[in-house]
Every structure is written in C-alpha cells, then in structure tokens.
Amino acid sequence: MNIPQLQIQTTRGKLGLQIDKPVQEIEQPKATQQIEQPAAILEMSTTRPQLSIDTTENRADLDLKSAIRRGDENAQYGVQQLMEGIARRAQEGQQLVRIEDGGNVLADLSKQITEIDPAPIGIRFVGNRLKVKTNITAGSLTINATPQKPTHDVQVNKPIHTYTPGKVSGHAKQYPSIQIDWQV
C-alpha cells in the first residue's frame, strides 16, 4: 500500500547587513595667548664725586709761582734786606763812634764789608709730595627700579567636532522558501 507522503523542503532566509561605520573627527585648536611684559621703570640719580688737588706749594718748590705770590715774596725780601741794611749801618756807625777807643776799626770794618760767605754746595730735592693737598668729596648713586606686572590675554578656542553617523541597512542575501510536495 502506498501511503501518500508529504515532502516539505525549506530554504532558510539569509539576511545580509550593509554597515557604514560612523566617522567622528575631533580637533582641538591651541589656545590663543598674548603675553606682554612691560619693561621695569628704572630711575637713577647721581651726585658726581669731586676731587680737588692743590699743588700750589709743590709748584712753589719748583719755582713755578704765580705773579702775585712772587711779587709778595720779593716785597717781603726787600723789606727784610732794608732792615738788615739799616741794622748793619747802625752797627758800623756805633763802631766808628768808638774809634777813639783805639784799635784798627777801619780795617775791621773794611774786612767785614768785603768778606763774602761761600755759597753752600749740595743737592736739593724739590717737589715734596707731602705738600700736595687733596680733597675728595664722595659721590652717590641712587637706583630705583619699579617692576611692571605682565599682561596675559588667553582666548580658549572651542574644539572642532565633525560627526558622520553610521548606517546599517539590511538586505536579503537569500530569500526563504518552502516547497511542499505530495508523493503518492
């Protein structure tokens, strides 16, 4: 006896997916900075030092005298020589007054007048450095520095963000099917 048979043949459906990945780009630009340092304010004040050197006495030792000083010294020397001459004449007059006391007064007087003292011979060092007078007035220096604060300007830049979303699309690679067949 033949029994009818039912034959069922199935084909599975296959689903295919098309996936486009998402793209994300992030770029962070650097911050914009402006830093400026102003120069410090510098104030300086000085008082000049002073040096005075007086070489008058040292120059006088070298016979480099001013006209006024030389005139004064010559006048003083003239007065001194005059006084010495007057004293000598007075002394000679006193000796002549006593001529009656005897002796050889005239011969002694003529000998005193004509006698010349020998000039001293020797080396003389001139220009004594201890006679140079110096006077120093110290100077001064005052420095005042005032620092300036820096100026700092920062601008933060926002990030640049681009995003392309992904897509998923499905399609049938193989459609499902059923075949039913009767066999007798």
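Remember, it's a predicted structure, so these values are computed and weren't measured experimentally. Per chain, residues are indexed from 1 in the order of the written sequence. Given that the model is predicted, a residue must reach a pLDDT of at least 70 before its local features are reported, and side-chain atom pairs must reach 80 or more before they are shown or counted; all residues, however, enter totals for whole chains, interfaces and linings. Heavy atoms throughout the structure, all of them, feed into the side-chain values; hydrogens and water do not.

### Topic: the overall build of the protein
No. 1: Counting its regular elements, the protein contains three helices and 12 strands.
No. 2: Atoms counted for the radius of gyration: C-alpha only. Globule rule: 2.2 Å times the number of residues to the power 0.38. Against the compact-globule benchmark of 16 Å for 184 residues, the protein has a radius of gyration of 66 Å, which places it well outside the compact range.
No. 3: Summarising its shape, the C-alpha atoms of the protein cover approximately 220 × 35 × 20 Å along the three principal directions.
No. 4: Residue contacts are counted whenever heavy atoms from the two residues lie within 4.5 Å of one another. Long-range contacts, defined as pairs at least 24 residues apart, comprise 93% of the intrachain contacts of the protein with a sequence gap of at least 6.
No. 5: Areas reported here follow the Shrake-Rupley algorithm with a probe of radius 1.4 Å; residue values treat only the protein chains shown as occluding. Accessible surface for the protein amounts to roughly 17,200 Å². Of this, 55% is attributable to carbon and sulfur atoms.
No. 6: Here the protein holds 21 positive side-chain charges and 20 negative ones, and the gap between their average locations is 16 Å. Segments assigned H or I by DSSP are reported as helices when at least four residues long, segments assigned E as strands when at least two residues long, and all are numbered from the N terminus. The charged-residue count follows a simple rule in which Lys and Arg add positive charge and Asp and Glu add negative charge, with His and chain termini not counted at all. Think of each charge as sitting on NZ of Lys, CZ of Arg, CG of Asp or CD of Glu.

### As for the side chain of Asn-58
No. 1: Secondary-structure assignment places Asn-58 in helix α1 (residues 56-61).
No. 2: With a 1.4 Å probe rolled over the protein chains alone, any residue whose accessible area is under 20% of its type maximum counts as buried; one over 50% counts as exposed, and the rest are partly exposed. For Asn-58, a relative accessible area of 14% translates into the label buried.
No. 3: Apart from the residues within four sequence positions on either side, Asn-58 is in contact with Gly-127, Asn-128, Arg-129, Lys-131 and Val-132.

### Quick notes on the environment of Gln-24
No. 1: Examined against the element boundaries, Gln-24 turns out to sit in strand β3 (residues 23-27).
No. 2: As a C-alpha pair, Gln-24 and Pro-118 span 94 residues in sequence and 125 Å in three-dimensional space.
No. 3: Those residues in contact with Gln-24, other than ones at most four positions away along the chain, are His-161, Thr-162 and Tyr-163.

### Quick notes on the pattern of salt bridges
No. 1: Salt bridge criterion: a side-chain nitrogen from Lys or Arg within 4 Å of a carboxyl oxygen from Asp or Glu. Under the criterion given, the structure shown has three salt bridges.
No. 2: A salt bridge links Glu-57 to Arg-69; the nearest nitrogen and oxygen atoms lie 3.2 Å apart. Placement of Glu-57 in helix α1 and of Arg-69 in helix α2 (residues 67-97) is noted, with a sequence separation of 12 residues between them.
No. 3: Overall, the relative accessible area of 25% leaves Arg-69 in the partly exposed class.
No. 4: Note that Glu-73 is salt-bridged to Arg-69, the shortest N-O span being 3.3 Å. Placement of both Glu-73 and Arg-69 in helix α2 is noted, with a separation of four residues, approximately one turn of the helix.

### What about a nonpolar patch on the surface?
No. 1: A grouping of Leu-6, Ile-8, Ile-178, Ile-180 and Trp-182 is seen on the molecular surface, where their side chains present a nonpolar patch of about 580 Å² in accessible area.
No. 2: Take Leu-6: it is sitting in strand β1 (residues 5-11). Nonpolar side chains (Val, Leu, Ile, Met, Phe, Trp, Tyr) within 5 Å and like charges within 9 Å form the patches, drawn only from residues with over 30% relative accessible area and no salt bridge.

### Describing the packing of α2 against helix α3 (residues 105-114)
When two helices pack together, their arrangement is given by the angle between their axes and by how far apart the axes lie.
No. 1: Fitted lines through C-alpha atoms give the axes, limited to the stretch in contact for helices. The angle between two N-to-C directions lies from 0 to 180 degrees. Axis separation between α2 and α3 bottoms out at 10 Å; the angle between their running directions is 165 degrees. The orientation of α2 with respect to α3, classified from their angle, is roughly antiparallel. Crossing geometry of α2 relative to α3 is assigned as right-handed. Here Glu-92, Gln-95 and Leu-96 of α2 lie close against α3, whose contacting residues are Val-105, Leu-106, Leu-109, Gln-112 and Ile-113.
No. 2: A per-class count over the contact of α2 with α3 returns five nonpolar, two polar and one charged. Throughout this description, any angle smaller than 35 degrees is read as roughly parallel, any larger than 145 degrees as roughly antiparallel, any in the 65 to 115 degree range as roughly perpendicular, and the remainder as oblique. By definition, any crossing whose near helix is turned counterclockwise from its far helix by less than a right angle is left-handed, and any crossing with a clockwise turn is right-handed. Only Asp, Glu, Lys and Arg are considered charged in this grouping, and only Ala, Val, Leu, Ile, Met, Phe, Trp, Tyr, Cys and Pro are considered nonpolar; every other residue, Gly among them, is considered polar.

### As for the side chain of Glu-92
No. 1: Within the secondary structure layout, Glu-92 lies in helix α2.
No. 2: Sequence-distant contacts of Glu-92, defined by excluding residues within four places in its chain, comprise Leu-109 and Ile-113.

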